[in-house]
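# Chains, contacts and geometry: an overview
For reference, the chains in residue letters:
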Amino acid sequence: MLFDINNTAAIRMRGWHHDGNFCKEHLAQGKMIHLLAETSNVCDQDCEYCYTVLLTLDRPNFHARQLPGELSLEERKNLIDQAVALGAVSYDIVGAGEPLIDRDFLSQVEYAVSKGLVPIVFTNGSILGNLKFGQKFAERLWELGASVVVKWNSKDRSVHDEIVRRRSAGEKRDRAIELLKSLGFNKTNPTRLGIDNIVYQRTIGEVPDCVRMCRSENIFLVCSTFIPSGRTQKANEREAAFADIVRLYEECRRIDEEEFGIHHTAAMPYCGYGRTCTQYMGLYVTIQGEVYGCVGQSEAYGNIRRRLLADVWRERLPILQNYDGGCPPRRKFYEQRVAPQELKVLF
């Protein structure tokens, strides 16, 4: 059932490297694996596919300010305590804005580490690529044992800038990645460096070479289709055609098998890894306290200010007993758009 999770454990990044036996044993004991959490909504970019933005594409700069009722640092620490008590081992900071802008970011990560969690930080690279501040942040993340995933979008800096709607964003991103490499983030086993790409209509042709680059440089590739939440619900016309997605996943499976001796299926969610979403074996809590099964937000569980995480986890645990590492939110999304015989190729 967990074929891909077992076969790719050695090439996934720290914090996402759990194998099938670990996952099965953890769930059998009633324990969660991941806590996916957020920092403030404030962000210095405005990605047109941002899954955390609940407004339409005609509302630019939504990330220019905090949201009403964002969790305080003490509430975030309390959330970490509750997750640790439930067995969590990985702490994914996945939004809502750019984490390194949040003044409580380092305190939040430091507290998670003090409680035994492995932090995985998703960033657009703007602060790490800043000549004045980047080195300090990168060195501290290295000391904390964090894995860092930098937004990629396209090798072409101008295309990247257009997608995130900011000039020079691609230049800062590249500087951030080179800084992380110089500190050794991609020299560990498992690696602690990742890039976050997307199967996008205009950049789909870049993905195979992106897989090759990541394999050659010991970089973890987080690459899939749009997350079906937030702006993506309004922007799915920018996604590649389903038949093209199927061909891409199969091409990347073949590249791995023939060029790198790595075996996995050509299945959702992750291009180049298959059914390896261990994050689904946890809970996602937004900066306003809303609790979901994952960032796909297809299962809602109320607000952490009104429910204990333990009560939410007890409610969620039964649906995970036969989980195979795939992506239920994307499956639900595509069930409404493609025929069943086409769907089963990726799911």
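Our subject is the structure that appears above.
Structural notes, computed from the coordinates. Bear in mind the structure is a predicted one, so any value in this text is a computation, not a measurement.

### Quick look at the sheet that holds strand S4 (residues 147–151)
- Spatial strand order, S6-S5-S4-S3-S2-S1-S7-S8-S9: 9 strands in an open sheet with mixed pairing. At either end of the open sheet lies a strand with only one pairing partner, and these are strand S6 (220–224) and strand S9 (300–303). Strand-to-strand twist across the sheet, computed as the mean angle between neighbouring axes with direction ignored, equals 20 degrees.
- Along the sheet face, helix H10 (residues 309–316) touches strand S7 (282–285), strand S8 (290–292) and S9 and points at about 130 degrees away from the line of S7.

### A few points about the packing of helix H3 (residues 73–85) against helix H4 (residues 105–114)
- Where H3 meets H4, the closest approach of the two axes is 10 Å, and the angle between their N-to-C directions is 25 degrees. Classed by the angle they form, the pair H3 and H4 counts as roughly parallel. Between H3 and H4 lies a crossing of right-handed hand. Judged by residue contacts, Leu 73, Arg 76, Lys 77, Ile 80 and Asp 81 of H3 engage Ser 107, Gln 108, Tyr 111 and Ala 112 from H4.

### Here we look at the packing of aromatic side chains
- A complete count under the given rule lists 11 aromatic pairs for this structure.
- Pairing Trp 142 with Phe 185 gives two aromatic rings, centres 5.1 Å apart and planes at 70 degrees, and the pair type is edge-to-face. With a gap of 43 residues between them, Trp 142 in helix H5 (residues 134–143) and Phe 185 in the loop between helix H7 (169–183) and strand S5 (193–198) connect regions that are remote in the sequence.
- Take Trp 142: its relative accessible area is 31%, and that puts it in the partly exposed class.
- Residues Phe 220 and Tyr 273 carry aromatic rings whose centres are separated by 4.8 Å and whose planes lie at 50 degrees to one another, so their mutual orientation is tilted. One end of the pair, Phe 220, is in strand S6; the other, Tyr 273, is in the loop between helix H9 (242–260) and S7, with 53 residues separating them in the sequence. Assigned by exposure class, Phe 220 and Tyr 273 land together as buried.
- The ring centre of Tyr 273 lies 4.6 Å from the NZ or CZ of Arg 215, which sits over that ring.
- The residue whose ring lies beneath Arg 337 is Phe 333, and the NZ or CZ to ring-centre distance is 3.7 Å.

### Quick word on the state of the cysteines
- The final tally for this structure, using the stated rule, is 0 disulfides.
- For the unlinked cysteine Cys 210, the closest cysteine sulfur is that of Cys 214, found at 4.4 Å.
- No disulfide involves Cys 271; its nearest neighbouring cysteine sulfur is the one of Cys 252, lying 3.3 Å away.
- By relative accessible area, which is 0% here, Cys 271 ends up buried.

### Some points on unusual backbone geometry
- Asn 189 connects to Pro 190 through a cis peptide bond whose omega is 5 degrees.
- Tracing the backbone shows Pro 190 in the loop between H7 and S5.
- Positive phi, normally seen in glycine, also occurs at Asn 153, with a value near 70 degrees.
- The backbone of Arg 165 shows a phi angle near 65 degrees, a positive value even though the residue is not glycine.
- Its location among the elements puts Arg 165 in the loop between helix H6 (157–164) and H7.
- Arg 165 gets classed as partly exposed once you look at its relative accessible area, which sits at 30%.

About the cut-offs
Residues numbered from 1 in each chain as written. Predicted model: local features only at pLDDT ≥ 70, side-chain atom pairs only at ≥ 80, totals over all residues. Heavy atoms only, no water. Pairing = 2+ DSSP bridges. Helix = DSSP H or I, 4+ residues; strand = E, 2+ residues; numbered from the N terminus. Axes fitted to C-alpha atoms, helices over the stretch in contact; angles between N-to-C directions. Contact = heavy atoms within 4.5 Å. Parallel < 35°, antiparallel > 145°, perpendicular 65-115°, else oblique. Left-handed = near helix turned anticlockwise from the far one by under 90°. Phe/Tyr/Trp six-rings, centres within 6.5 Å; stacked < 30°, edge-to-face > 60°. Buried < 20%, exposed > 50% of the residue type's maximum accessible area, 1.4 Å probe, protein only. Lys NZ or Arg CZ within 6 Å of the ring centre and 35° of its normal. Disulfide = S-S within 2.5 Å.

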